[in-house]
Amino acid sequence: MQLGAFSISLAVKDLAVSRDFYEKLGFSVTGGDGEKYLMLVNGTTIIGLFEGLFDTNILTFNPGLAQDMTQLTDFTDVRDIRAALAAAGVEMSSDTDPDGTGPASIVVVDPDGNPVLVDQFFTRPGSGEA
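Residues numbered from 1 in each chain as written. Predicted model: local features only at pLDDT ≥ 70, side-chain atom pairs only at ≥ 80, totals over all residues. Heavy atoms only, no water.

### Regarding the nonpolar core
Part 1 of the reasoning: In this structure, Phe61, Val78, Ile81, Leu85, Met92, Ala104, Ile106, Val108, Val116 and Val118 together form the largest nonpolar core, which totals ten residues.
Part 2 of the reasoning: Within the residue set of this core, elements represented by two or more residues are α2 (78-87), β7 (104-109) and β8 (115-120).
Part 3 of the reasoning: Residues in contact with alanine 104, not counting those within four places in the same chain, are Val78, Arg79, Thr96, Val118, Asp119 and Gln120.
Part 4 of the reasoning: Listed in part, the nine residues of the second largest apolar core include Leu10, Val12, Leu38 and Leu40. (Core = buried A, V, L, I, M, F, W, Y, C linked by side-chain atoms within 4.5 Å. Buried < 20%, exposed > 50% of the residue type's maximum accessible area, 1.4 Å probe, protein only. Helix = DSSP H or I, 4+ residues; strand = E, 2+ residues; numbered from the N terminus. Contact = heavy atoms within 4.5 Å.)

Written out as structure tokens, the structure reads:
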């Protein structure tokens, strides 16, 4: 099972202040709306800053995205990851339609209460969708 690029999604109090701090650490903005969230990269390290969208920090994986932020053509679809986790007895705290296609996400919670988001931006491989 390939989970895709890893990042940490940080629940921040002030997006501008957090952006300034992480830019001083060498991160640069690569995406986001600039109002509620930003994606930042430093080498292959990816962080997301989210103001008012989450209550806690979240471990995030993006199927279809490489750690260098390039889109992969061959990847494990989030619904296949979901099926493997469900078969292993892992409960979804946020679920998706297992028969769907396109972007989708699931959330599981680790034994210590840390949310793990599997957030796919791209269309399911072999679905025929553009």
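### Here's the deal with the packing of aromatic side chains
Any two aromatic rings considered together are summarised by their centre-to-centre distance and by the angle between their planes.
Part 1 of the reasoning: This structure, assessed with the given rule, holds six aromatic pairs.
Part 2 of the reasoning: Plain terms: the ring middles of phenylalanine 6 and phenylalanine 61 are 5.2 Å apart, the flat faces sit at 50° to each other, and that makes the pair tilted. Of this pair, phenylalanine 6 sits in strand β1 (residues 5-12) while phenylalanine 61 sits in strand β5 (residues 58-62); the two residues are 55 residues apart in sequence, bridging distant segments of the chain.
Part 3 of the reasoning: According to the relative accessible area criterion, phenylalanine 6 is partly exposed, its value standing at 35%.
Part 4 of the reasoning: When the centroid spacing of 5.6 Å and the interplanar angle of 5° are considered together, the rings of tyrosine 37 and phenylalanine 50 count as stacked. Within this pair, whereas tyrosine 37 is found in strand β3 (residues 37-42), its partner phenylalanine 50 is found in strand β4 (residues 45-51), the two being separated by 13 residues in sequence.
Part 5 of the reasoning: Under the relative-accessibility criterion, phenylalanine 50 is labelled buried at 11%.
Part 6 of the reasoning: Feature note: the residues Phe21, Tyr22 and Phe27 constitute an aromatic cluster, connected by ring pairs. (Phe/Tyr/Trp six-rings, centres within 6.5 Å; stacked < 30°, edge-to-face > 60°.)

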